[in-house]
Amino acid sequence: MSPQSGGIDVFIGTVRDATKGKAVIKLEFEAYVPMALKEMEKIAREAFYKWPVQKLLIHHRVGVLQIGEVPVIIAVSCAHRDAAFEACRYVIDKLKQTVPIWKKEIFEDGEVWVAAHP
Amino acid sequence: MKVNVLAFGIAKDIFGSSSVSVELPEYGTTGKLKQLLEESYPRLKKLASYMVAVNNEYASDESVLAANNEVAIIPPVSGG
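These figures come from a predicted structure and were not determined experimentally. (Residues numbered from 1 in each chain as written. Chains lettered and ligands numbered in written order. Predicted model: local features only at pLDDT ≥ 70, side-chain atom pairs only at ≥ 80, totals over all residues. Heavy atoms only, no water.)

## Description of the overall build of chain A
Right, so step 1: Regarding its fold elements, chain A presents 2 helices and 9 strands.
Right, so step 2: In terms of overall dimensions, chain A has a C-alpha envelope of 50 × 25 × 25 Å along the principal axes.
Right, so step 3: Taking all 118 residues of chain A together, 43% fall into the buried category.
Right, so step 4: Seen as two clouds, the 16 positive and the 15 negative side-chain charges of chain A have centres 4 Å apart. (Helix = DSSP H or I, 4+ residues; strand = E, 2+ residues; numbered from the N terminus. Buried < 20%, exposed > 50% of the residue type's maximum accessible area, 1.4 Å probe, protein only. Lys, Arg positive; Asp, Glu negative; His and termini not counted. Charge placed at Lys NZ, Arg CZ, Asp CG, Glu CD.)

## Here we look at the overall build of chain B
Right, so step 1: What chain B contains, in helices and strands, is 2 helices and 5 strands.
Right, so step 2: Secondary structure elements of chain B occur, N-terminal to C-terminal, as β-α-β-α-β-β-β.
Right, so step 3: Taking 12 Å as the expected radius of gyration for a compact globule of 80 residues, we find that chain B reaches 12 Å, a close match to that expectation.
Right, so step 4: In terms of overall dimensions, chain B has a C-alpha envelope of 35 × 25 × 20 Å along the principal axes.
Right, so step 5: Among the 80 residues that make up chain B, the fraction classed as buried is 49%.
Right, so step 6: Counted over contacts in chain B with a minimum sequence separation of 6, partners at least 24 positions apart contribute 48%.
Right, so step 7: Split by element, the accessible area of chain B, about 3700 Å² in all, is 51% carbon and sulfur.
Right, so step 8: Taking the 7 positively charged and 9 negatively charged side chains of chain B as two groups, their mean positions are separated by 9 Å. (Rg over C-alpha atoms; globule rule 2.2 N^0.38 Å. Contact = heavy atoms within 4.5 Å. Areas by Shrake-Rupley, 256 points an atom, 1.4 Å probe, with all protein chains shown as cover.)

## Considerations on the packing of helix 1 (residues 33-50) of chain A against helix 2 (residues 81-98) of chain A
Residues and elements named next belong to chain A.
Right, so step 1: Contact geometry of helix 1 with helix 2 gives a least axis separation of 10 Å together with a crossing angle of 150°. Our classification of the angle between helix 1 and helix 2 gives roughly antiparallel. The interaxial crossing formed by helix 1 with helix 2 has right-handed handedness. Along its contact with helix 1, which presents E39, M40, I43, E46, A47 and K50, the element helix 2 presents Y90, V91, K94, L95 and T98.
Right, so step 2: Considered class by class, the residues forming the contact of helix 1 with helix 2 number 6 nonpolar, 1 polar and 4 charged. (Axes fitted to C-alpha atoms, helices over the stretch in contact; angles between N-to-C directions. Parallel < 35°, antiparallel > 145°, perpendicular 65-115°, else oblique. Left-handed = near helix turned anticlockwise from the far one by under 90°. Nonpolar A, V, L, I, M, F, W, Y, C, P; charged D, E, K, R; others polar.)

## A few points about the environment of L65(A)
All names here are of chain A.
Right, so step 1: With respect to the helices, strands and loops of the structure, L65 is situated in strand 6 (residues 63-66).
Right, so step 2: Taking C-alpha positions, L65 is 33 Å from K50, a pair spaced 15 residues apart along the chain.
Right, so step 3: Here L65 is in contact with V15, K26, L27, F29, V70 and P71, once residues within four sequence places are set aside.

Written out as structure tokens, the structure is:
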């Protein structure tokens, strides 16, 4: 929070219990940590450049997560809500494209690395 | 020259290890590395796509590699 901030947009990702109608037991996240941090910083810098962002947080967990737990949080504070919404959306969308983090879905009958195969 | 290649996600499953060592010609490129890896590990070709990172930066196929570079195979990312 800061006195100039008029709006804080927070995105909280949570682990769903199903994907494409199939029950998910839990998720496992893996990261190439040094490069992930570097790519996150690039995304943050882009957000600060494109919008009048005052404060920005990108948080991502690794390891095993149970249903309902929180793997990712993005928080952006700006003077006005439009910028906060747009910047927050930009950051989570870009994180999903460039940050080297991988999600494995664990089912009753096996596990799948998301997006690995066409 | 010998290049150590880190593997994550499904690439680690394909290699059966978190890293593999690849013998590359001097001034070998990322493209050449991918070709050699695909010959040894054909399952790589079935991935939707994959990138190569050199010293924590995404690299194009034309990038020339050096033995001391930190090289990694980056299968499709799925963070968030």
